[in-house]
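The primary structure of each chain is shown beneath.
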Amino acid sequence: ADVYTYSIFRGPTEDSMVLIAGPIDSSYYVDADVTVNKKYYYGVKVTDSLNVKSPISNVIAVVPNNLIYVDTTSKVIQNGSKLYPALSYHYFRE
């Protein structure tokens, strides 16, 4: 069966991850609620077209250290603005 949706989990430890997004039908997710130099753990579950849910994926640890901020009024990318944080993680299936 084909992948139908993704559910994204995050936590300060691998054992404390909670659902932060989903189900979503996109293969990428932008997490805009992170803090520089703080460690986060992420995992993904998928649900297929038959509504079968996978176990959580391999968990990754991430420490964002250079967030990119987008000023949507002038459409320039800059570092340092707390108004529009954007940090993305891409998950790929083989």
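For clarity, every value in this text was computed on a predicted model and none was experimentally measured.

Q: For this particular structure, what's the right way to read the overall build of the protein chain?
A: On a plain count of helices and strands, the protein chain comes out with 0 helices and 9 strands. Overall, the protein chain shows an N-to-C arrangement of helices and strands of β-β-β-β-β-β-β-β-β. When each of the 94 residues of the protein chain is scored for burial, the buried share is 31%. The contacts of the protein chain with a sequence gap of at least 6 include a subset with a gap of at least 24, amounting to 47%. Element-wise, carbon and sulfur atoms account for 53% of the exposed surface of the protein chain, whose accessible area totals about 6600 Å².

Q: Even after reading the chapter, I still don't get the pairing of strand S4 (residues 40-48), so can you show me in this structure?
A: When a strand is regular, its side chains alternate between the sheet's two faces. Along S4, 8 of the 9 residues are buried, which leaves the element largely enclosed by surrounding structure. Here 8 bridges tie strand S1 (residues 3-11) to S4, and the two strands are oriented antiparallel to one another. Across the sheet, the residue bridging to Arg-10 is Tyr-42, located in S4.

Q: Which parts of the structure should I look at to understand unusual backbone geometry?
A: Cis geometry is adopted by the peptide bond preceding Pro-23, which originates at Gly-22 and carries an omega value of 5°. With respect to the element layout, Pro-23 can be found in strand S2 (residues 18-24). Phi is positive for Asn-37, close to 65°, though the residue is something other than glycine. Looking at the element boundaries, Asn-37 is found in the loop between strand S3 (28-30) and S4. In the Ramachandran plot, Asn-51 falls in the positive-phi region, its phi being about 70° despite a non-glycine side chain. Locating Asn-51 in the fold gives a position in the loop between S4 and strand S5 (60-62). With a relative accessible area of 54%, Asn-51 lands in the exposed category.

Conventions adopted
Residues numbered from 1 in each chain as written. Predicted model: local features only at pLDDT ≥ 70, side-chain atom pairs only at ≥ 80, totals over all residues. Heavy atoms only, no water. Helix = DSSP H or I, 4+ residues; strand = E, 2+ residues; numbered from the N terminus. Buried < 20%, exposed > 50% of the residue type's maximum accessible area, 1.4 Å probe, protein only. Contact = heavy atoms within 4.5 Å. Areas by Shrake-Rupley, 256 points an atom, 1.4 Å probe, with all protein chains shown as cover. Pairing = 2+ DSSP bridges.

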